[in-house]
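# Descriptive analysis of the structure
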Amino acid sequence: MTQKKLVVLSGAGMSAESGIPTFRASDGLWENHNIEDVASPEGWARNPALVLDFYNKRRQQIRSAEPNEGHRCLASLEDVFSVQIITQNIDDLHERAGSTNVLHLHGEILKVRSTRDEQLIYDWTEDLHGSDRCSLGSALRPHIVWFGEAVPMMELAIRHVITADLLVVVGTSLAVYPAASLLHYAPANIPKYLVDPNLPAVSSVSNLQRIPQTAALGLPQLTATWRKEYT
């Protein structure tokens, strides 16, 4: 029997339970930095050293974090469903939990890319310095989609959502676009689940079940239900 396709859209709340701070748009600060200073092309042009230092600290922080029960539950479902994770998070916690199909909408903290050729991408687990260069001799930058930049994986993400049999949105405020629009591409007739303790307002979405729980609490509940229903 062909497995049903489960598509998961995960946001910052998914990783918050692993100790990774979320971006709080209400005060415009991220780890005490103005967003435009550390997460925009303009900030990079003004002060690349500041940007490199910021992401070096994030990289260290994420390397020391561990996947939580929510991450592990999603990975465990690969024996029940064809699971596709679409994450707004730049960490590798889904992969470390065992998920094998993870699409990063906003880039990956453990990768860097050439400032000359964006197709030159390198795995990078240590600090990135201004003197580091790509194979073409140009500077390297974090492999992150900054505010104001295009989201190159968006079209592929839409194609995954369009073909979903079930959709779960977990740990996201649905306030950051274009990622927030993905929910509206799901087929009208499929089951949809919104898992977040602070349920965002969502309109014009059919078959939506709201679960006011964190990822680490809500996803184990869903996993237990699905194992009874689909196995």
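Check the entry above for the structure.
Structure report, in brief. (Residues numbered from 1 in each chain as written. Predicted model: local features only at pLDDT ≥ 70, side-chain atom pairs only at ≥ 80, totals over all residues. Heavy atoms only, no water.)

## Considerations on the pattern of salt bridges
Tallying each qualifying case throughout the model produces eight salt bridges. Between Asp92 and Arg96 there is a salt bridge, with its nearest N and O atoms 3.1 Å apart. Taking relative accessible area as the criterion, Asp92 reaches 19% and is therefore assigned buried. (Salt bridge = Lys/Arg side-chain N within 4 Å of Asp/Glu carboxyl O. Buried < 20%, exposed > 50% of the residue type's maximum accessible area, 1.4 Å probe, protein only.)

## Describing the packing of helix α5 (residues 69–76) against helix α8 (residues 215–230)
Helices that pack against each other are described as a pair by the angle of their axes relative to one another and the distance between those axes. In the contact formed by α5 and α8, the axes pass within 7 Å of each other and the chain directions differ by 25°. By the angle class used here, α5 and α8 are roughly parallel. Taken as a pair, α5 and α8 cross one another with a handedness that is left-handed. Contacts from Glu69, Gly70, Cys73, Leu74 and Ser76 of α5 reach α8 at Ala215, Ala216, Leu219, Pro220, Thr223 and Arg227. Taken together, the residues of the contact of α5 with α8 sort by class into six nonpolar, three polar and two charged. (Axes fitted to C-alpha atoms, helices over the stretch in contact; angles between N-to-C directions. Helix = DSSP H or I, 4+ residues; strand = E, 2+ residues; numbered from the N terminus. Parallel < 35°, antiparallel > 145°, perpendicular 65-115°, else oblique. Left-handed = near helix turned anticlockwise from the far one by under 90°. Contact = heavy atoms within 4.5 Å. Nonpolar A, V, L, I, M, F, W, Y, C, P; charged D, E, K, R; others polar.)

## Quick notes on the environment of Asp37
Position of Asp37 among the secondary structure elements: in helix α2 (residues 35–38). A relative accessible area of 24% places Asp37 in the partly exposed class. Each C-alpha atom of the pair Asp37 and Trp124 lies 22 Å from the other, and the pair is 87 residues apart in sequence. Setting aside residues up to four positions removed in sequence, Asp37 forms contacts with Gly43, Arg46, Leu50 and Val51.

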